[in-house]
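Report on the structure
One-letter residues, chain by chain:
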Amino acid sequence: MSIPVLTIDGPSGAGKGTVSRLIAKKLGWHYLDSGSIYRSLALALQKAAVDITAVDDIVSIAKAMVLEFECNDELIVKLNGEDITPQLGLESTGSIASQIAALPEVRQVLLKKQQDFKQLPGLVADGRDMGTVVFPDAEYKVFLTASAEKRAARRYKQLKEKEIDANLMQITIEIEARDRRDSERQAAPLAMANDALYIDSSDLTIESVIQEVINLIH
Ligand code: DC
């Protein structure tokens, strides 16, 4: 029996995480937040004090790390038994993740860890290369984006709500730098699959994005 897969790719801050989690919940499917795997590796490197240029050491750590995911309302991630959820969302973690994600050797090791999420009754996979590299045969593909300004403003609002000090200009600069790095790298760059549905969420609510995606599946 073939297992249905919905891939949702796009730049950081486009709303992929929220949309993917809610759709997975609605459909009763599994959820893969592939960015959290790169982020977990970034934290594993920090803990082991491994430099992001030491490719062989990074590959060894990537092979050895044991990740556990629990997806309720929020995604809980454990790295080698330790709950790393609070550190996972930091911009510094995202930035290191984006740098090591440019290494083809790292992507190769993490490929199978991601493909193992494909299980019945179905999978919603969120990332940069879900529809192009990890699940090229997925039945349903979406490319979800929004302007850098809107993405930065949303991130700013989220941080303020959590009472974390934030600077809108700084966030915009970081988002643009990460976009460039993720789109311009050689290995599996952020790109829209030819057969993906393009959604620009700049002026849409989460509910209307979800409705568009559900319409695609039905
Ligand atoms: O989606 P995110 O912000 O959690 O991802 C963090 C970084 O991980 C992102 O900047 C690039 C990398 N990444 C990737 O290269 N491929 C993916 N499928 C997901 C994330």
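In what follows, the accompanying structure is described. Per chain, residues are indexed from 1 in the order of the written sequence. Only residues with pLDDT of at least 70 are given local features in this predicted model, and only at 80 or more are side-chain atom pairs given and counted; all residues enter the totals for whole chains, interfaces and linings. Excluded from the side-chain calculation are hydrogens and water; included are all heavy atoms of the structure.

Surrounding the ligand, one finds 16 residues, the nearest of these being R39, R107, R128, R178 and D182. With respect to the ligand, the side chain of R107 contributes an N or O atom lying 2.8 Å from an oxygen atom. Nitrogen and oxygen atoms within 3.5 Å of one another constitute a polar contact, given that in protein one can donate a hydrogen and the other can accept it, and given that sequence-neighbouring residues count only through two side-chain atoms. At 2.9 Å from an oxygen atom of the ligand is found a side-chain nitrogen or oxygen belonging to R185. In these tables, accessible area is a Shrake-Rupley quantity obtained with a 1.4 Å probe, and a residue counts as shielded only by the protein chains included in the view. For the ligand, the accessible surface in isolation is 450 Å², of which the surrounding protein chains cover 94%. Those elements that place two or more of their residues in the shell around the ligand are α2 (34-47), α5 (91-100) and α9 (168-184). If you tally residues by element for the shell around the ligand, the top one is α2, at 4 residues. Think of it as three bins: nonpolar holds Ala, Val, Leu, Ile, Met, Phe, Trp, Tyr, Cys and Pro, charged holds Asp, Glu, Lys and Arg, and polar takes everything else, Gly as well. Split into classes, the residues belonging to the shell around the ligand amount to 4 nonpolar, 4 polar and 8 charged. Nearness of a residue to a molecule or strand requires only that one of the residue's heavy atoms be within 4 Å of it. Each helix is a run of H or I in the DSSP string that is no shorter than four residues. Each strand is a run of E no shorter than two, and both are numbered from the N terminus.

Moving on to the packing of aromatic side chains. Side-chain rings of Phe, Tyr and Trp, where Trp is taken by its six-membered ring, are said to pair if the distance between their centres is within 6.5 Å; with planes under 30 degrees apart they count as stacked, over 60 as edge-to-face, and otherwise as tilted. Tallied over the full model, the rule gives 2 aromatic pairs. Their ring planes at 70 degrees and their centres at 5.4 Å tell us that F69 and F117 sit as a pair that is edge-to-face. Separated by 48 residues along the polypeptide, F69 in strand β3 (residues 67-71) and F117 in the loop between α6 (104-115) and β6 (123-127) bring together distant segments of the chain. The class of F117 is buried, set by a relative accessible area of 19%. Summarising the aromatic geometry, the rings of F143 and Y198 are spaced 6.3 Å apart at their centres and angled 15 degrees between planes, so their arrangement reads as stacked. A residue pair is termed long-range when its members are at least 10 positions apart, and F143 in strand β7 (residues 140-145) and Y198 in strand β8 (residues 197-200) qualify at 55 residues. Type-normalised accessible area, obtained with a 1.4 Å probe on protein chains alone, sets the label of each residue: buried when under 20%, exposed when over 50%, and partly exposed for intermediate values.

Should DSSP find at least two bridges between two strands, the strands are regarded as paired. Here we have 5 strands laid out as an open sheet, ordered β2-β6-β1-β7-β8, and parallel in their pairing. Pairing within the sheet leaves two strands with one partner each, and these edge strands are β2 (30-33) and β8. Put simply, the sheet's adjacent strands are angled 20 degrees from each other on average, direction ignored. In this sheet, β8 lies alongside β7 in parallel orientation, the contact comprising 4 bridges. By the bridge assignment, L144 is partnered in β8 with I199. The criterion used for residue contact is that any of the two residues' heavy atoms lie within 4.5 Å. A fitted line through C-alpha atoms represents every axis, and for helices the fit uses only the stretch in contact; the resulting angles, taken between N-to-C directions, go from 0 to 180 degrees. On top of the sheet, helix α1 (residues 16-27) reaches β1 (5-9), β2, β6 and β7; it is set at about 175 degrees to β6, its chief contact.

Helix span, expected: 1.5 Å multiplied by one less than the number of residues in the helix. Over its 17 residues, α9 extends 24 Å from the first C-alpha to the last, a length consistent with the 24 Å expected when each residue adds 1.5 Å. Within α9, the full set of buried residues consists of I171, T172, I175, R178, D179 and D182. Taken end-on, α9 shows its buried residues confined to a sector of 130 degrees, consistent with a single buried face. Exposed and oriented more than 90 degrees from the buried face of α9 are M169 and E184. Elements in contact with the buried residues of α9: α2, α5 and α8 (148-161). At the N-terminal end of α9, a side-chain oxygen is found 2.9 Å from the backbone nitrogen of M169, two or three residues along, and the residue is N167. Taking the helix axis as origin, the arc is that swept by the directions to the C-beta atoms.

A few words now on the packing of helix α3 (residues 55-64) against α6. Contact geometry for α3 and α6: axes closest at 9 Å, N-to-C directions at 5 degrees. As far as their axial angle goes, α6 and α3 are roughly parallel. Listed contacts from α6 to V55, I58, V59, A62 and K63 of α3 are E105, V106, V109, L110 and K113. For the contact of α3 with α6, the per-class residue count stands at 7 nonpolar, no polar and 3 charged. Oblique is the label for any angle not under 35 degrees, not over 145, and not in the 65 to 115 range, which are roughly parallel, roughly antiparallel and roughly perpendicular in turn.

What follows concerns the pairing of β6. Most of β6 is tucked away: 5 of the 5 residues are buried. Because side chains alternate across β6, one face comprises the buried residues L123, A125 and G127, and the other comprises V124 and D126, equally buried. Here 5 bridges tie β1 to β6, and the two strands are oriented parallel to one another. Within the sheet, the bridge partner assigned to D9 lies in β6 and is G127. Pairing analysis gives 4 bridges linking β2 to β6, with the strands arranged parallel. Paired with D33 across the bridge in β6 is D126.

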